[in-house]
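Architecture at a glance
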Amino acid sequence: MAPAAITLAAETELSAANTGFMLICSALVLIMTPGLAFFYGGMVRVKSTLNMLMMSFISMGIVTILWVLYGFSLAFGTDSGSIIGWSSDYVGLSGIGLTELWDGYTVPIYVFAVFQLMFAIITPALISGALADRVKFTSWALFVALWATVVYFPVAHWVWGTGGWAFDLGVIDFAGGTAVHINAGAAALGVILVVGKRVGFKKDPMRPHSLPLVMLGAGLLWFGWFGFNAGSWLGNDDGVGALMFINTQIATAAAMLAWLAYEKIRHGAFTTLGAASGAVAGLVAITPSGGAVSPLGAIAVGVVAGVLCAMAVGLKYKFGYDDSLDVVGVHLVGGVVGSLLIGFLATGGGQSDVEGLFYGGGLDQFWKQCAGVFAVLAYSLVASAVLAFLIDKTIGMRVSEDEEVAGIDQAEHAETAYDFSGAGGGASFSAAPPAPSQDAPAKKVDA
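Residues numbered from 1 in each chain as written. Predicted model: local features only at pLDDT ≥ 70, side-chain atom pairs only at ≥ 80, totals over all residues. Heavy atoms only, no water.

1. Some words on the environment of Tyr110
Structurally, the position occupied by Tyr110 is in helix 3 (residues 109-127). Looking at Tyr110, the relative accessible area reads 30%, which means it is partly exposed. In sequence terms Tyr110 and Arg266 are 156 residues apart; their C-alpha atoms lie 49 Å from each other. Other than its neighbours up to four places away in sequence, Tyr110 contacts Leu93, Ile96, Gly97 and Leu98. A distance of 3.2 Å separates a polar side-chain atom of Tyr110 from the backbone oxygen of Leu93. (Helix = DSSP H or I, 4+ residues; strand = E, 2+ residues; numbered from the N terminus. Buried < 20%, exposed > 50% of the residue type's maximum accessible area, 1.4 Å probe, protein only. Contact = heavy atoms within 4.5 Å. Polar contact = N/O pair within 3.5 Å; in protein donor to acceptor, adjacent residues only side chain to side chain.)

2. A word on the nonpolar core
In terms of nonpolar packing, the biggest core is built from 110 residues, with Phe39, Trp67, Phe72, Trp102, Phe119, Trp160 and Phe228 touching the most fellow members. Setting aside residues no more than four positions away along its own chain, Phe39 makes contact with Leu213, Val214, Gly217, Ala218, Leu221, Ala276 and Val280. Residues Ala285, Ala298, Val301 and Leu345 belong to the second largest nonpolar core, which totals 10 residues. (Core = buried A, V, L, I, M, F, W, Y, C linked by side-chain atoms within 4.5 Å.)

3. Topic: the packing of aromatic side chains
To describe a pair of aromatic rings, one takes the distance between the centres and the angle between the planes. The full count for this structure, using the stated rule, is 27 aromatic pairs. With centroids separated by 6.3 Å and ring planes inclined at 75°, the aromatic side chains of Tyr152 and Phe153 adopt a geometry described as edge-to-face. Each member of the pair, Tyr152 as well as Phe153, carries the same accessibility label: buried. Connected via pairs of aromatic rings, a cluster forms that spans Trp67, Tyr70, Phe72, Phe76, Tyr90, Trp102, Phe112, Trp147, Tyr152 and Phe153. (Phe/Tyr/Trp six-rings, centres within 6.5 Å; stacked < 30°, edge-to-face > 60°.)

4. So, unusual backbone geometry
The residue Asp133 is not glycine, and still its phi comes out positive at about 85°. Although it is not a glycine, Asp326 sits at a positive phi angle of roughly 65°. With respect to the element layout, Asp326 can be found in the loop between helix 11 (315-319) and helix 12 (327-345).

5. So, the side chain of His157
You can see His157 is positioned in helix 4 (residues 137-160). Since its relative accessible area comes to 0%, His157 is described here as buried. A distance of 2.9 Å separates the side chain of His157 from the backbone oxygen of Ala75, its partner in a polar contact. Once you skip the residues sitting within four places of it in the chain, His157 turns out to touch Leu74, Ala75, Phe76, Gly77, Asp79, Ser82, Ile83, Ile84, Gly85, Thr162, Gly163 and Gly164.

6. A short note on the pattern of salt bridges
Once the charged atoms of two side chains with opposite charge are near each other, the side chains can pair. Per the stated rule, a full pass over the model turns up 7 salt bridges. Here Lys316 and Asp326 are joined by a salt bridge, their closest N and O atoms 2.9 Å apart. On the criterion of sequence distance, the pair formed by Lys316 in helix 11 and Asp326 in the loop between helix 11 and helix 12 is long-range, its members being 10 residues apart. Here the two residues Lys316 and Asp326 agree in accessibility, since each one is buried. (Salt bridge = Lys/Arg side-chain N within 4 Å of Asp/Glu carboxyl O.)

7. Notes on a nonpolar patch on the surface
Taken together, the side chains of Leu357, Phe358, Tyr359, Leu363 and Trp367 define a hydrophobic patch exposed on the protein surface, amounting to about 520 Å² of accessible area. One can find Leu363 in the loop between helix 12 and helix 13 (364-394). Given the relative accessible area of 34%, Leu363 is considered partly exposed. (Patch = residues over 30% accessible without salt bridge, like charges linked within 9 Å, V, L, I, M, F, W, Y side chains within 5 Å. Areas by Shrake-Rupley, 256 points an atom, 1.4 Å probe, with all protein chains shown as cover.)

8. Things to note about the environment of Glu263
Position of Glu263 among the secondary structure elements: in helix 8 (residues 240-267). Taking relative accessible area as the criterion, Glu263 reaches 11% and is therefore assigned buried. With 12 residues separating them along the chain, Glu263 and Ala275 place their C-alpha atoms 9.6 Å apart. Sequence-distant contacts of Glu263, that is, excluding residues within four places in its chain, are made with Gly268, Ala269, Phe270, Thr271 and Gly274.

Written out as structure tokens, the structure reads:
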């Protein structure tokens, strides 16, 4: 993101063009959260669809209010000890003038605040994919509020806030490889280690119930990600945003193709789920690196991320942790890959003059990237596990086993995603036997 890279020359006048551009980018980032809801919602079984959608949507409500009250101040206020920020003018967004500019840029503070809000919204929503089928909605909502406060706001300050330790160290994270994806992926791992596995994990079929919904969600994510990435330069005056835009497209395409190739070699088929997951892996990996690498470098980032993330999603079966929708395999691994590759592929001709190993810069930037990656990973993993443990020991994190088996949608929301009772009006339709549930065991067919 731009605060962690070279800033534009300070100007005193508001730019209507940059302001309008950033407002559009903010809306694009917001649509990523409903896109994520569809992406995750299609990947779960029918009985968990609405709960999956709601776990993303509730973040839009909770995080917005917290951001206004104190989140923006904690993340981007005046630095205190390189760990956290605070500015009383940002509390309630009440001490900010309409045309008061974000320091060093040509867009108002309000615009910067709302753009960053959209990042804060989607990050905890990403975690929800690891917890499908089994978490109480009230407990999830409480976790979102606590996690945003204890983990996301401080980490955003470390990485992007002026005075944050990672910012001062020179860790490059253009749009959220550490602050968003590694943060969410590590948190997902920490929480599922506390919450435990779904009933029937590795025994019952848990296939996606709607691959068209998955593809719709992936498409919305891909579309919105251009605002997520290109907008993170906070303007469009020097071509860096354009570099990030084209690298986003390139890496996503490369990762999708690489995932499909791996899948064909490993499993013998090109799947729609693989195409969608590969695209998201590329989006994740290019997020921290796209302003530092060339278009050819973006291909390399995408290919490496596509293959490694495809390999990583199977680790949950080997190690026995139930990452329901592969948040760890895609977001944690993809974020690590994209962040560390900066140390090798940074050209020095993009967002800064930092050069990676392959461009004569040595390993100095790589070690800085390692510091940022593993510090965020460790902090988020431990803090998230502690928060989940405390909630579990007080109000409980999981629904009962009977509710999980019967369906969390009905138990937590008193609704179902698909109601076919009014689909037909004839007696013949009503008299027909019900279709078997996707979760019901298949009938044996005699030869």
